[in-house]
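A structural walkthrough
The lines below spell out each chain.
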Amino acid sequence: MEKKRIYLSSPTMHGKEQEFVKEAFDTNWVAPLGPNVNSFEKELAEHVNIPYAAALSAGTAAIHLALRLLGVKKGDIVFVPSLTFSATCNPIIYENATPVFIDSERETWNISPEALRKAYDKYPNPKAVIIVHLYGTPAKIDEIMSICAEKGTVVIEDAAESLSSTYKGRHTGTFGKFGIYSFNGNKIITTSGGGMLVSADKDMIEKARFLSTQARDPARHYQHSQIGYNYRMSNVTAGIGRGQLLSLEEHKSLKKAIYKRYKEAFADISEIAMNPLNPDGDANNWLSCMTIEEGCEVTPDKIMDALEAENIECRPIWKPMHLQPVFQEYDFISINGENGCKSCSVAEDIFNRGLCLPSDIKNTDEDMERIIGIIRKIFVS
Ligand SMILES: *Cc1c(COP(=O)(O)O)cnc(C)c1O
């Protein structure tokens, strides 16, 4: 018999979602607008403590609209970490702007303040900086925000993976001019697909709603003076989101418990390190990740093969953007010769030695034991 499937991070529904969805059906609000959309925006904004939010069809759409609202256009430079998911930087290309990829630091795996400073030496006037809180770990926000403030650059926070993570008590996604969240199927809460753009700037969020609904000017006839998008969240989807939001903090504590379990289980194996946490933050531990010590003969592939053979889902660390064929022509800024890895960047080193462990909050104790047992066996004989 095939072993029970264990997932990396799958949706976890609780039932309350269906009540909001039912309400949408009962009132026939099956449209890209409606009471659930308005309420989801308000409730999410309250949860992370920011004044305004626009519910959209995807996190990627939220990043795209943030760039549009900042007027990012052809020829503009946008700084973005290399170690991230492609959705962080694809919208830069949608606007024909130029990404400059920045290396990570080792303490949080996020954009390196030193490399960021170095990037300014070469490109003094970027139009925006996008930062990411990878796998839920907050970046070095104070350092980054102070560099960007000093240089007068606006910051977009890609908090797609870090909804509910905090830094010095404040929610990730609320530090930049814009923050974005994702409700894709594997995120900490999901609406099957969806996203949110948040900001303290009321006009910008109103403009985001306008652009997300095809940029219709206020007129009875269909009048357009700008290019718009079909990016609004539907009222059915927003119903799922309202239900999920009620369980966000519970999901966070379950994710944190998974991380803690792995950390304790591998504490005696010196070749394994868990992904770092920011001491100034409280991470949601969206995905628990590990790296294998440099020079160890065990490779991430070996671990992934062993887990997959047992019907357990896992995945590599995001492959850095500067190594992607599609982004080959763009610059990459790194501090070379840094800490132990002389030949490669920090981003590439983490990619080479790391992997994402199953972090599904429905994992039982037995599931966790199965995963841990398989990995321990590779290192301890
Ligand atoms: C998931 C994700 C996104 C994109 O969100 P979608 O809702 O899937 O469009 C953007 N950035 C990062 C870092 C992500 O992990």
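What counts as what
- Residues numbered from 1 in each chain as written.
- Predicted model: local features only at pLDDT ≥ 70, side-chain atom pairs only at ≥ 80, totals over all residues.
- Heavy atoms only, no water.
- Domains from an automatic or database assignment.
- Contact = heavy atoms within 4.5 Å.
- Buried area = accessible area lost by both parts, 1.4 Å probe.
- Salt bridge = Lys/Arg side-chain N within 4 Å of Asp/Glu carboxyl O.
- Helix = DSSP H or I, 4+ residues; strand = E, 2+ residues; numbered from the N terminus.
- 1 Å grid on protein atoms, 1.4 Å probe; cavity = no way out; pocket = protein on both sides within 12 Å on 5 of 7 lines; lining within 4 Å.
- Points joined across faces, edges and corners; volume = space filled by probe spheres on them.
- Nonpolar A, V, L, I, M, F, W, Y, C, P; charged D, E, K, R; others polar.
- Buried < 20%, exposed > 50% of the residue type's maximum accessible area, 1.4 Å probe, protein only.
- Pairing = 2+ DSSP bridges.
- Right-handed = clockwise from strand over helix to strand, strands pointing away.
- Phe/Tyr/Trp six-rings, centres within 6.5 Å; stacked < 30°, edge-to-face > 60°.
- Lys NZ or Arg CZ within 6 Å of the ring centre and 35° of its normal.
- Axes fitted to C-alpha atoms, helices over the stretch in contact; angles between N-to-C directions.
- Core = buried A, V, L, I, M, F, W, Y, C linked by side-chain atoms within 4.5 Å.

Take the domain arrangement of the protein next. By the assigned domains, the protein splits into domain 1 (16–245) and domain 2 (248–379). Taking only C-alpha atoms, the centre of domain 1 and the centre of domain 2 are 25 Å apart. Taken together, the 49 residues of domain 1 in the interface contact 44 residues of domain 2. Taken together, both faces of the contact between domain 1 and domain 2 bury some 4,100 Å²; the carbon and sulfur share is 60%. Per-residue buried area on domain 1 facing domain 2 is highest for Arg-106, Trp-109 and Tyr-135; these three make up 22% of the total on that side. One can count two salt bridges joining domain 1 with domain 2. Those elements that place two or more of their residues in the side of domain 1 that touches domain 2 are helix H4 (90–94), strand S3 (98–102), helix H5 (113–122), strand S6 (166–167) and helix H8 (235–245).

All chains considered together, the criterion is met by one cavity of 30 Å³ or more. As for the largest cavity, its lining consists of 13 residues, of which Ser-10, Thr-12, Lys-187, Ile-188 and Ile-361 are closest to the centre. Residue composition of the lining of the largest cavity, by class: four nonpolar, seven polar and two charged.

With four of five residues buried, strand S5 (residues 154–158) is to be regarded as a mostly interior element. Here strand S4 (residues 128–132) pairs with S5 via five bridges, running parallel. From the neighbouring strand, Ile-131 faces S5, where its bridge partner is Glu-157. The β-α-β motif built from S4, the intervening helix H6 (residues 141–151) and the parallel element S5 has right-handed crossover chirality. As paired strands, S5 and strand S8 (residues 178–182) are joined by three bridges and run parallel to one another. Paired with Ile-156 across the bridge in S8 is Phe-178.

Time to look at the pattern of salt bridges. Within the structure shown, the criterion is met by 22 salt bridges. Between Lys-42 and Glu-46 there is a salt bridge, and its shortest N-O distance comes to 3.5 Å. Of this pair, Lys-42 and Glu-46 both sit in helix H2 (residues 35–48), four residues apart, which is roughly one turn of that helix. No difference in accessibility class separates Lys-42 from Glu-46, as the two residues are exposed. Its salt-bridge partner being Asp-76, residue Lys-73 comes within 3.5 Å of it at the nearest N-O pair. When its relative accessible area of 46% is taken as the criterion, Lys-73 is described as partly exposed. Through salt bridges that share partners, Glu-41, Arg-209 and Arg-232 make up one connected network.

The four strands are arranged S10-S12-S15-S13 in an open sheet whose pairing can be described as antiparallel. With partners counted over all chains shown, the strands left at the sheet margins are strand S10 (272–274) and strand S13 (315–316), one partner each. Pairing of strand S12 (residues 289–292) with strand S15 (residues 354–356), which is carried by three bridges, proceeds in the antiparallel orientation. Residue pairing across strands places Met-290 opposite Leu-355, the latter belonging to S15.

What follows is about the packing of aromatic side chains. Scanning all chains against the criterion turns up 12 aromatic pairs. When the ring of Trp-109 is compared with that of Tyr-135, the centres are 6.3 Å apart and the planes differ by 80°; the resulting orientation is edge-to-face. Taken together, the positions of Trp-109 in the loop between S3 and H5 and Tyr-135 in the loop between S4 and H6 put the pair 26 residues apart, joining distant regions of the chain. Its relative accessible area of 1% is what places Tyr-135 among the buried residues. Between Tyr-229 and Tyr-231, the ring centres sit 4.9 Å apart and the planes meet at 10°, which makes this aromatic pair stacked. Side by side, Tyr-229 and Tyr-231 carry an identical accessibility label, which is buried. Cluster of aromatic residues (ring-pair linked, three or more members): Phe-85, Trp-109, Tyr-135, Trp-286 and Trp-318. If you follow Arg-216 out to its NZ or CZ, it ends over the ring of Tyr-222, 3.7 Å from the centre.

All right, on to the sheet that holds S4 then. Here eight strands make up an open sheet; going across it, the order is S1-S9-S8-S5-S4-S2-S3-S14 and the pairing mixed. With one partner strand each, in any of the chains shown, strand S1 (52–56) and strand S14 (332–333) form the two edges of the open sheet. The strands that helix H3 (residues 59–69) touches are S1, strand S2 (77–81), S4, S5, S8 and strand S9 (195–199); relative to S8, the one it contacts most, it runs at about 165°.

This next bit is on the nonpolar core. Residues Leu-44, Tyr-135, Leu-163, Tyr-181, Phe-183, Met-196 and Ile-317 are the most contacted members of the largest nonpolar core, which totals 35 residues. Every element with two or more residues in this core is listed here: H2, S1, S9, H8 and helix H11 (346–353). Considering every element that reaches this core, the biggest residue donor is H2, with five residues. Not counting chain neighbours up to four residues away, the residues in contact with Leu-163 comprise Leu-44, Val-48, Tyr-181, Phe-183, Ile-188, Ile-189, Leu-248 and Asn-284. Formed by 34 residues, the second largest nonpolar core is a distinct cluster that contains Val-78, Cys-89, Ile-156 and Leu-211.

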